[in-house]
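Summary of the model geometry
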Amino acid sequence: MKKLEDYILSIPDFPEKGIIFRDITTVIQDPEGLRLAIDTMSGFLDGLDFDVVVGPEARGFIFGMPIAYKLGKGFVVIRKKGKLPRKTVSQEYALEYGTAEVEMHVDAIKPGQKVVLVDDLLATGGTMEANIRLVEKLGGQVVKVIFLIELAGLKGRQRLEGYPVESAVIYEGK
């Protein structure tokens, strides 16, 4: 039986020399790989009391939506600024060079709702930290954050300290 790691393709020197790119398209294009990813990630939520799954654009949609469906929960999107049609709340965060901003509809999370955040990759944790702040601005309580892949060498888990974090596959390097 294949492990989840067997479906992830590692591409050296992309997008630049010294970087190993972890390609998830090889996971989601294979029916067994996709099933294993969703089953593994949704398994992190066994016995957890929560109300809604939230996923950031775009790969958080890929994994968050089937997890929400499988567990009978609603799904809320976080998008890049300017992509949502109704009134939104936003959160700015730092990038390597400059800043970016994410947003969600103001009525997407109800005060007191217990929220699970889902994304494909935990690297430095900056983007997920912004997503958490956004949920909290609306009164949501983040009860778990789950990822398909974690690059432990970038120490993103430390940035998310205080929140329960689980990753299906952990690579020790960057």
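Right above here is the structure, for reference.
This report concerns the structure included in the present document. (Residues numbered from 1 in each chain as written. Predicted model: local features only at pLDDT ≥ 70, side-chain atom pairs only at ≥ 80, totals over all residues. Heavy atoms only, no water.)

Looking at the overall build of the protein
Put simply, the rule reads: For the purposes of this entry, the term helix denotes a DSSP run of H or I that reaches at least four residues, the term strand denotes a run of E that reaches at least two, and both are numbered from the N terminus. Atoms considered for the radius of gyration are the C-alpha atoms alone. The globule rule reads 2.2 Å times the number of residues to the power 0.38. Accessible area is worked out with a 1.4 Å probe on protein chains only. A residue is then buried under 20% of its type maximum, exposed over 50%, and partly exposed in between. Whether two residues are in contact is decided by their heavy atoms, any of which lying within 4.5 Å being enough. Note that accessible areas follow from Shrake-Rupley with a 1.4 Å probe, and for residues the cover is restricted to the protein chains shown. By the counting scheme adopted, Arg and Lys are positive, Glu and Asp are negative, and His together with the chain ends is not counted. Where a charge sits is defined by one atom per residue type, namely NZ (Lys), CZ (Arg), CG (Asp) or CD (Glu).
In terms of regular secondary structure, the protein is built from five helices and nine strands. When the helices and strands of the protein are read in sequence order from the N terminus, they spell out β-β-α-α-β-α-β-β-β-β-α-β-α-β. Here the C-alpha atoms of the protein give a radius of gyration of 16 Å, agreeing with the 16 Å that 2.2 N^0.38 yields for 174 residues. Summarising its shape, the C-alpha atoms of the protein cover approximately 40 × 40 × 30 Å along the three principal directions. A buried classification covers 41% of the 174 residues belonging to the protein. For the protein, the share of sequence-separated contacts (at least 6 apart) that also reach a separation of at least 24 residues comes to 55%. Accessible surface, the protein as shown: approximately 9,300 Å² in total, 52% of it carbon and sulfur. For the protein, the distance from the average site of its 23 positive side-chain charges to the average site of its 25 negative ones is 3 Å.

Topic: the environment of Phe-147
Here Phe-147 lies in strand S8 (residues 141-151). Among the residues examined, Phe-147 registers a relative accessible area of 1% and is labelled buried. Sequence-distant contacts of Phe-147, defined by excluding residues within four places in its chain, comprise Met-41, Phe-44, Asp-119, Asp-120, Leu-121, Leu-122, Met-128, Leu-160, Val-165, Glu-166, Ser-167 and Ala-168.

With respect to the side chain of Arg-22
Test applied: Within this document, salt bridges are pairs made up of a side-chain nitrogen of Lys or Arg and a carboxyl oxygen of Asp or Glu, the two lying within 4 Å of each other. In protein, a polar contact requires one atom able to donate a hydrogen and another able to accept it; more generally it is a pair of N or O atoms within 3.5 Å, and residues adjacent in sequence count only if both atoms are side-chain atoms.
One can find Arg-22 in strand S2 (residues 20-23). Look at Arg-22: it is buried, it has no salt bridge, and the nearest opposite charge is Glu-172 at 10 Å. Polar contacts involving the side chain of Arg-22 include one to the side chain of Ser-10, which spans 2.6 Å. Beyond its immediate sequence surroundings of up to four residues, Arg-22 is in contact with Ile-8, Leu-9, Ser-10, Ile-149, Leu-151 and Tyr-171.

Topic: the environment of Asp-46
The topology assignment puts Asp-46 in the loop between helix H2 (31-43) and strand S3 (52-56). Through-space distance from the C-alpha of Asp-46 to that of Leu-71 is 9.4 Å; in sequence the pair is 25 residues apart.

Here's the deal with the pairing of strand S7 (residues 114-122)
To keep things clear, this is the line we draw: Two strands pair under a simple rule: DSSP has to find at least two bridges between them. Call a crossover right-handed when, viewed with both strands pointing away from you, the route from the first strand across the helix to the second goes clockwise.
A large share of S7 lies buried, amounting to seven of its nine residues. Both S7 and S8 contribute to a ladder of eight bridges, which runs parallel. Paired with Leu-121 across the strands is Ile-149, a residue of S8. Viewed along the sheet, the connection from S7 through helix H4 (residues 126-137) into S8 turns out right-handed.

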